[in-house]
Amino acid sequence: MRKLIWCSLVAFGAGIASAAGATVSDDATVAYEGGRLSMSNAVMRLDFALEGGLRRMSWLDRRSDHELFPQPVPDFTLQVNGSTWASDDGEWDVAEPVSTLLQHGEIETRVTLARDGIEVQRVYVFHPGISLVRGYLNIRNRGRESHRIETPPIAQLATGLNRASLFWMSGAECFGDSWLMREEPLGVEQRVFDSYDAPPMS
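Attention in this report is confined to the structure presented alongside it. Since the model is a prediction, treat every value here as computed from it, not as a measurement.

Attention shifts here to the pattern of salt bridges. For side chains of opposite charge, pairing can occur when their charged atoms come near one another. The full count for this structure, using the stated rule, is 10 salt bridges. Here R45 ties to D47 by a salt bridge, and the two come within 3.0 Å at their closest N and O atoms. Residue classification places R45 among the partly exposed positions, given a relative accessible area of 32%. Assessed through its relative accessible area of 16%, D47 is described here as buried. Among the salt bridges present, the one from E108 reaches R110, with a minimum N-O distance of 3.0 Å. The buried category is assigned to E108, whose relative accessible area is 6%. In this structure, a network of salt bridges that share partners links the residues R56, D75 and R122.

Below, the structure is given as structure tokens:
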């Protein structure tokens, strides 16, 4: 079974930002050219297209040459005022990505998309040497009208794998089932996670 690790975390740091070209840290490179964004290191490569939106084109395991995406997929979807907005539906204004080198060698990349008064900033934090990519969304209303945004996703991933696993740590309190790393198989059905879910053994 292949293991995928996906985290959502806000990262803080200081560095020099670049809007085009390449940002390099150890074996990690984030490069942007001609509407294509790539993040690569010795173990993986993640590619995006930024034409009218943001689309994930490829996620390659460089050790096995295995492609995790059977086909290109939207980077995110939002439910806005009852309608589904996909990040790659061609309706977005997209700014050039900006990459910043953080304190511990991570490369933070921000892609800003705008549509009908709503601004979505997609943030990725890419690490040298490992297959860990951290990501989150900043969503802002830049217009005068109110909008209803429902259930924004933490992560959405379509792969060619028969099975995948989510690794997560339970609890942040001092009781018997806290601070344990757990593995949960992921299937085709939707899985909803809530911070108030009881740990499995409680």
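Back to the text.
For the structure shown, the criterion picks out four aromatic pairs. Their ring planes at 75° and their centres at 6.0 Å tell us that F76 and W92 sit as a pair that is edge-to-face. Of this pair, F76 sits in the loop between β9 (73-74) and β10 (77-80) while W92 sits in the loop between β11 (83-86) and β12 (93-94); the two residues are 16 residues apart in sequence, bridging distant segments of the chain. Consider the rings of W85 and W92, whose centres lie 5.7 Å apart with planes at 80°: the pair is edge-to-face. Using a relative accessible area of 8% as the deciding quantity, one classes W85 as buried. Through pairs of rings, three or more aromatic residues link up here, namely F76, W85 and W92. Here the guanidinium or amino end of R115 rests over the ring plane of W85, the centre of that ring lying 4.2 Å away. The positively charged end of R115 is found above the aromatic ring belonging to W92, 5.4 Å away from the centroid.

Okay, the nonpolar core next. Residues L37, M39, L46 and F48 are the most contacted members of the largest nonpolar core, which totals 29 residues. When residues of this core are traced back to their parent elements, those giving at least two are β4 (28-33), β5 (36-40), β6 (44-49), β10, β14 (107-115), β15 (118-126) and β16 (133-141).

Across the sheet, which stays open at both edges, the three strands sit in the order β11-β10-β17 with antiparallel pairing between neighbours. Each edge of the open sheet carries a strand with a single partner, namely β11 and β17 (149-150). Bridge count between β10 and β17: two bridges; the pairing is antiparallel. Each bridged residue has a counterpart across the sheet, and for Q79 the counterpart in β17 is E150.

Our focus in this paragraph is unusual backbone geometry. Phi angles above zero are rare outside glycine, and N81 is one such case at about 50°. One non-glycine residue, D116, lies in positive phi territory at about 50°. Mapped onto the fold, D116 is located in the loop between β14 and β15. When its relative accessible area of 58% is taken as the criterion, D116 is described as exposed.

Now for the side chain of S38. Mapped onto the elements of the fold, S38 is located in strand β5. Accessibility expressed as a relative area gives 12% for S38, which makes it buried. Filtering out sequence-adjacent residues up to four positions away, S38 remains in contact with T29, V30, A31, R45, L46 and D47.

Here is what the cut-offs are and how they apply
- Residues numbered from 1 in each chain as written.
- Predicted model: local features only at pLDDT ≥ 70, side-chain atom pairs only at ≥ 80, totals over all residues.
- Heavy atoms only, no water.
- Salt bridge = Lys/Arg side-chain N within 4 Å of Asp/Glu carboxyl O.
- Buried < 20%, exposed > 50% of the residue type's maximum accessible area, 1.4 Å probe, protein only.
- Phe/Tyr/Trp six-rings, centres within 6.5 Å; stacked < 30°, edge-to-face > 60°.
- Helix = DSSP H or I, 4+ residues; strand = E, 2+ residues; numbered from the N terminus.
- Lys NZ or Arg CZ within 6 Å of the ring centre and 35° of its normal.
- Core = buried A, V, L, I, M, F, W, Y, C linked by side-chain atoms within 4.5 Å.
- Pairing = 2+ DSSP bridges.
- Contact = heavy atoms within 4.5 Å.

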